[in-house]
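Next come the chains, spelled out residue by residue.
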Amino acid sequence: MIDVVVDIILLTFLATTSIAIMRMTNLFAIVMLFGIFSLLSAGLFVVMDAPDVAFTEAAVGAGISTVLMLATLALVKRPKEPYYDEAPRAHRAWLPLIVVTITGSALVYGTWDIPNFGSPDAPSQTHVARFYLENSMPDTGVPNTVTAVLASYRGFDTLGEVTVIFTAAVAVLLLIGGKRPKPALRSKDEEAQDEA
Amino acid sequence: MYIAASLAILVTMGLALARALSGPTTYDRIAAVNMHGTKTVLLIAVLAFLSGRTDVLDIALVYALINFIGVVAALKLVEQGNFHASDNPDDEVKQGEQK
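Residues numbered from 1 in each chain as written. Chains lettered and ligands numbered in written order. Predicted model: local features only at pLDDT ≥ 70, side-chain atom pairs only at ≥ 80, totals over all residues. Heavy atoms only, no water.

Peer 1: Please explain the overall build of chain B as it appears in this structure.
Peer 2: Assigned secondary structure in chain B consists of three helices and zero strands. In chain B, the succession of helices and strands from N to C terminus is α-α-α. The buried share among the 99 residues of chain B stands at 39%. Of the contacts made within chain B by residues no fewer than 6 positions apart, 47% connect residues no fewer than 24 positions apart. (Helix = DSSP H or I, 4+ residues; strand = E, 2+ residues; numbered from the N terminus. Buried < 20%, exposed > 50% of the residue type's maximum accessible area, 1.4 Å probe, protein only. Contact = heavy atoms within 4.5 Å.)

Peer 1: Can you help me understand the nonpolar core in this one?
Peer 2: Judged by nonpolar contacts, the single largest core of 35 residues is most densely connected at Leu10 and Phe28 of chain A together with Met13 of chain B. Broken down by secondary-structure element, the contributors of at least two residues to this core are helix 1 (2–23), helix 2 (27–47) and helix 3 (51–75) of chain A together with helix 1 (2–22), helix 2 (26–51) and helix 3 (57–80) of chain B. Top element by residues in this core is helix 2 of chain A. It accounts for ten residues. If you look at the next biggest cluster of nonpolar residues, it comprises 15 residues, including Val41, Ile59, Ala60 and Val62 of chain B. (Core = buried A, V, L, I, M, F, W, Y, C linked by side-chain atoms within 4.5 Å.)

Peer 1: Looking at this structure, I do not really get the packing of helix 1 of chain B against helix 2 of chain B. What am I missing?
Peer 2: What describes two packed helices is the angle between their axes and the distance between those same axes. All names here are of chain B. With their axes 9 Å apart at the nearest point, helix 1 and helix 2 run at an angle of 165° to one another. Overall, the two elements helix 1 and helix 2 adopt an arrangement that is roughly antiparallel. As helix 1 runs across helix 2, the sense of the crossing is left-handed. In terms of residue class, the contact of helix 1 with helix 2 is made up of 17 nonpolar, four polar and four charged. (Axes fitted to C-alpha atoms, helices over the stretch in contact; angles between N-to-C directions. Parallel < 35°, antiparallel > 145°, perpendicular 65-115°, else oblique. Left-handed = near helix turned anticlockwise from the far one by under 90°. Nonpolar A, V, L, I, M, F, W, Y, C, P; charged D, E, K, R; others polar.)

Peer 1: What is the right way to look at the environment of Asp3 of chain A in this model?
Peer 2: Here Asp3 of chain A shows up in helix 1. Distance in space between the C-alpha atoms of Asp3 of chain A and Leu44 of chain A is 9.7 Å, their sequence separation being 41 residues. Ignoring anything within four residues of it in the chain, the contact list for Asp3 of chain A reads Val47 of chain A together with Leu47 of chain B.

Peer 1: I tried to follow the side chain of Arg29 of chain B on my own but got confused; where do I start?
Peer 2: Looking at where Arg29 of chain B falls in the secondary structure, it is placed in helix 2. The charged side chain of Arg29 of chain B is buried without a salt bridge, its nearest counter-charge being Asp28 of chain B at 7.5 Å. Not counting the four nearest positions on each side in its chain, Arg29 of chain B is found in contact with Met24, Ala29 and Met32 of chain A together with Ala20, Leu21 and Gly23 of chain B. (Lys, Arg positive; Asp, Glu negative; His and termini not counted. Salt bridge = Lys/Arg side-chain N within 4 Å of Asp/Glu carboxyl O.)

Peer 1: What exactly am I supposed to notice about the interface of chain A and chain B here?
Peer 2: For an interface, size is often stated in terms of accessible area lost upon the parts coming together. The interface of chain A with chain B comprises 42 residues on the first partner and 38 residues on the second. Across the chain A/chain B interface, buried area totals approximately 3,500 Å², and carbon plus sulfur atoms make up 79% of it. Linking chain A to chain B there are one residue pair in polar contact (both at pLDDT 80 or more). Contributing elements (two or more residues each) for the side of chain A that touches chain B: helix 1, helix 2 and helix 3 of chain A. Counted by class, the side of chain A that touches chain B contains 30 nonpolar, five polar and seven charged residues. (Buried area = accessible area lost by both parts, 1.4 Å probe. Polar contact = N/O pair within 3.5 Å; in protein donor to acceptor, adjacent residues only side chain to side chain.)

Peer 1: How do you make sense of the pattern of salt bridges when you look at a structure like this?
Peer 2: As a working rule, side chains carrying opposite charge can pair if their charged atoms are close by. Residue and element names in this part refer to chain A. Summed over the entire model, instances satisfying the criterion amount to one salt bridge over all chains. Note that Arg130 is salt-bridged to Glu134, the shortest N-O span being 3.9 Å. With Arg130 and Glu134 both in helix 6 (residues 129–140) and four residues apart, this pair spans about one turn of that helix. Each of the two residues, Arg130 as well as Glu134, counts as exposed.

Peer 1: Please explain helix 3 of chain A as it appears in this structure.
Peer 2: An α-helix turns once per 3.6 residues; consequently, residues spaced three or four apart project the same way. Taking 1.5 Å of rise per residue, the 25 residues of helix 3 of chain A would be expected to cover 36 Å, and the 34 Å separating its terminal C-alpha atoms lies within 8% of that figure. Where helix 3 of chain A bends most, the angle comes to about 35°, and this point is Ser65 of chain A. Those residues of helix 3 of chain A not exposed but buried are Ala54, Ala58, Gly61, Ala62, Gly63, Thr66, Leu70, Leu73 and Ala74 of chain A. Contact partners of the buried residues in helix 3 of chain A: helix 2 of chain A together with helix 3 of chain B. (Expected span 1.5 Å × (residues − 1). Bend = angle between axes of the 7 residues up to and from the residue.)

Peer 1: How do you make sense of the confidence of the model for chain B when you look at a structure like this?
Peer 2: The predicted structure's coordinates, where accompanied by low pLDDT, should not be read in detail. Residue and element names in this part refer to chain B. Looking at chain B as a whole, its pLDDT mean stands at 76, while 81% of the residues score no less than 70. Highest mean pLDDT in chain B belongs to helix 1 (86); lowest belongs to helix 3 (79). Scored below 50 in pLDDT, residues 85–99 makes eleven contacts in the model with residues more than four places away or belonging to other chains. Reported confidence for the predicted complex is 0.75 by ipTM and 0.69 by pTM. (pLDDT = per-residue confidence, 0-100.)

Peer 1: Help me understand helix 6 of chain A in this model?
Peer 2: With twelve residues, helix 6 of chain A extends 16 Å from end C-alpha to end C-alpha; this agrees with the ideal 16 Å at 1.5 Å per step. Directly beyond the C-terminal end of helix 6 of chain A, a positive phi value near 80° is found at Gly141 of chain A.

Below, the structure written as structure tokens:
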């Protein structure tokens, strides 16, 4: 009962936050609201009994991406003060609205066939889940089934994913990280040419 | 008891959200986000006890740490305008000060 009440209130907050994000022009405030949005959705995941997803949402959504967006804001800043304010959009974009409406109604139509939340007849409960639930402990000795699947059954897959993420992080650090390059030292010849 | 506590926390979250939406200055918004994060930690802790899944408390602890990092990053950006140390000493002069 209380879960439903908390769900409804959190969803109301989510909707309010997203509408506010769309209406605002202050980019810094939008990044702050993204943090609130992420915290709200992570709380929603906890209420819906998915602590693993909530864990990822909190780490990536509220932590890393807030810092990354703020860093981007600092890198692309304009000389005008305050640098994080964007001029409001003058025209109204009708085509994106139509596309979003059609896609949204198609998705809502798709949810009609989805089994109820936590239903035992759901395909996700009857397909391979039973095998992992019964065999992951004797096979791998890992108490958490999700961890057993990710780190043992799909160990090489996870290794590949981690390699991709590591490569991307190194590339980003090489491109934007560290100190700005110093202006190139001019040779004596160039200075002589300038004076001439 | 837990139900009353969770409802009170939700009301506080709503107030913090209102401040983040309307907040005239940057610092209002940062304080609102920080407070919202704290309330999320509390809400998760209360819900964990309400539903008997006390292992969720670990997540509440992670939230507390991440919230701290995010707020420190935001404050550093507001104070310095960037995240990297400058090579040029003139850049260290704050906006509006005489060089």
